[in-house]
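Per-entry structural report
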Amino acid sequence: MGNVVAQALVIAAKDVRLEFRTRTAFVSALAFTALVLAIFNFARDPTAVAAIDVAPGILWITFCFAGLLGLNRAFALERENRAIDGLMLAPVSRSALYLGKLLANLVFVGLVEAVALPLFALFFNVPLWPILAPLLGVIALATIGFVALGTLLSAIAVNTRFAELMLPVLMLPFLVPPITAAVQVTSRLFAGRSFGEMAAWLKLLVGYDIVVLATAILVFDFTLDE
Amino acid sequence: MTDLSRAERARARSTVVVLLGLVLIAAACVRALAFTPLEVSQGAAQKIFYVHVPSAWVAFLAYLLVGGCSILYFFMRDPRLDRLAASAAEVGTVFITGVLLTGPIWAKPIWGVWWTWDVRLTSTLFLWFVFFGYLVLRSAVPEPGQRARFSAVLGILGALLVPFIHVSVYLFRTVHPAPVVLNVRGPQLPGTMLLTLLLSLGAFTVFFAGLLWRRYAEAALEDARGAEGDDGAR
């Protein structure tokens, strides 16, 4: 078990180092996220709809788009020069390969979210300070769920024709439970409601994370089997 | 007997079941329109119940088949399971489309809107999206072994997703009529209507089984021809 974690960390470190050296994907993802937030501001009538009413939805749609962009990259990277063959031949277990990719994706998406969140607070005039800790908790829960699923699906999508289009088509239906739950909890946080009103959604989120992670680890070996 | 001739015979037999299903559906429709009383509050709009509910039932069967075959394929790696899952997904998509088309026709006069984000409507819509993604994925992977593995993974994930969507939308409120047949207090509709519904359910199930078998035979035929072609080339 410790062995798997160590191997996963090596793979994740490789991906993060690669990303840190080129920075192209990260910078374009950031620019994309800022643009989406700015465009959403003009997708409402400011005289009829208050920013706070649509803010939770906008936040999560933005995160979801940013996530899709980052996930597409994870295995596309390994396709160039058939680097995936090298990874498959390396003496690491497939579970470690999956966990490593998952960790690297979480770092990537997490960093984009870390920049997008203050920008979101600025653009939509949402006071984040009082609810920052619980909000970060919800973001972590929902992000783990959709990145865990997206990592598995991107390993599939990258091997198909029209890979860039395939990932969203396969993945978006699976984002309904985590995104719904995250939006509901976020809007209740903004409205200052009690924890009891969010508990059911949080349970759903945790349940989703557990089921998706367990399934993904279980079937990843089978997915990549040649 | 070769695989090829066996597959050809299966295709011929399945066609008979498809035609039988069509005749039964026609009979059920005649009974529903001419020999079943009008519902008091909903009037003629309620007649669509006899097409809508059986289509949904068949769509549910297809969902179970795709999920079940995908899980079994994960363990057994039998290409026949993959073929069955693919056939069920394709035929199931047709019936889910039927559910999604007949629902609004009823909803407009009864609810006043064509569409609403109710639990069952949302779950059905996303089931359609998952099936659609499943079929698109199949068409985008040329290598059969890889296609079977990818499809099985998506099938397993899809089977897990639908209950989650159901729960997440359930946390909103629901307006869809409660089950009238599988009700805790027993069937809540008159005997003649229940009989028509059961007849229609049976007819749709036969039609579904026929189409499924036909599609399966078609895939088997394709594989057998491919295998024969390989033998010829050798």
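Our structure is the block above this text.
Residues numbered from 1 in each chain as written. Chains lettered and ligands numbered in written order. Predicted model: local features only at pLDDT ≥ 70, side-chain atom pairs only at ≥ 80, totals over all residues.

1. Looking at the overall build of chain B
Per the secondary structure count, chain B includes six helices and zero strands. Shown N-terminal to C-terminal, the secondary structure of chain B runs as helices and strands in the order α-α-α-α-α-α. Each principal axis of the C-alpha distribution contributes one length, and for chain B these read about 70 × 40 × 30 Å. Taken over 234 residues, chain B has a buried fraction of 37%. (Helix = DSSP H or I, 4+ residues; strand = E, 2+ residues; numbered from the N terminus. Buried ≥ 20, exposed ≤ 12 C-beta atoms within 10 Å, placed from the backbone.)

2. Observations regarding the packing of helix α2 (residues 49-76) of chain B against helix α5 (residues 144-170) of chain B
Residues and elements named next belong to chain B. Direction vectors running N to C along α2 and α5 enclose 130 degrees, while the axes themselves pass 8 Å from each other. If you check the angle between α2 and α5, you find them oblique. The chirality of how α2 crosses α5 is left-handed. Counting all contacts with α2, which are made through Y63, V66, G67, C69, S70, I71, Y73 and F74, the residues of α5 involved are A148, A152, G155, I156, G158, A159 and V162. Looking at the contact of α2 with α5 residue by residue, the classes come out as eleven nonpolar, four polar and no charged. (Axes fitted to C-alpha atoms, helices over the stretch in contact; angles between N-to-C directions. Parallel < 35°, antiparallel > 145°, perpendicular 65-115°, else oblique. Left-handed = near helix turned anticlockwise from the far one by under 90°. Contact = placed C-beta atoms within 7 Å. Nonpolar A, V, L, I, M, F, W, Y, C, P; charged D, E, K, R; others polar.)

3. Quick notes on helix α1 (residues 2-22) of chain A
All names here are of chain A. With 21 residues, α1 extends 31 Å between its outermost C-alpha atoms, agreeing within 8% with the 30 Å of an ideal straight helix rising 1.5 Å per residue. Listed as buried for α1 are A8, I11, A12 and D15. Buried positions in α1, seen along its axis, are confined to an arc of 95 degrees and lie on one side of it. Those residues of α1 that are exposed and angled more than 90 degrees off the buried face are G2, N3, A6, R17, F20 and R21. As for α1, its buried residues are in contact with α5 (94-124). Positive phi appears at R23, one or two residues downstream of α1, with a value of about 65 degrees. (Expected span 1.5 Å × (residues − 1). Arc of directions from axis to C-beta.)

4. What to know about α5(A)
For α5(A), with 31 residues, the first-to-last C-alpha span of 43 Å sits near the 45 Å given by 1.5 Å per residue. N125(A) sits one or two residues past α5(A) and shows a positive phi near 55 degrees.

5. Observations regarding unusual backbone geometry
Residue and element names in this part refer to chain A. Notably, R23 is not glycine yet its phi reads approximately 65 degrees, a positive angle. Note on placement: R23 falls in the loop between α1 and α2 (24-41). The exposure class of R23 is exposed, given the 10 C-beta atoms found within 10 Å.

6. Describing the nonpolar core
Residues L149(A), A182(A), A62(B), A85(B) and A88(B) are the most contacted members of the largest nonpolar core, which totals 121 residues. When residues in this core are grouped by element, the largest group, 14 residues, is from helix α6 (residues 132-157) of chain A. Excluding residues that lie within four positions of it along the chain, A62(B) makes contacts with A88(B), A89(B), V91(B), G92(B) and F95(B). (Core = buried A, V, L, I, M, F, W, Y, C linked by C-beta atoms within 7 Å.)

7. Some remarks on the packing of helix α3 (residues 51-79) of chain A against α6(A)
Residues and elements named next belong to chain A. The interhelical angle for the contact between α3 and α6, taken along N-to-C directions, is 40 degrees, at an axis separation of 9 Å. Taken together, the axis directions place α3 and α6 in an arrangement best described as oblique. In this structure, the crossing between α3 and α6 has a hand that is right-handed. Facing G67, L71, N72, A74 and F75 of α3, the residues of α6 in contact are F146, V147, G150, T151, S154 and A155. Classifying every residue of the contact of α3 with α6 gives six nonpolar, five polar and no charged.

8. Notes on the interface of chain B and chain A
Many structure descriptions define interface size as the accessible area lost when the parts assemble. Tallying the contact residues gives 23 residues for chain B and 24 residues for chain A. Breaking the side of chain B that touches chain A down by element, the ones donating at least two residues are α4 (119-140) and α5 of chain B.

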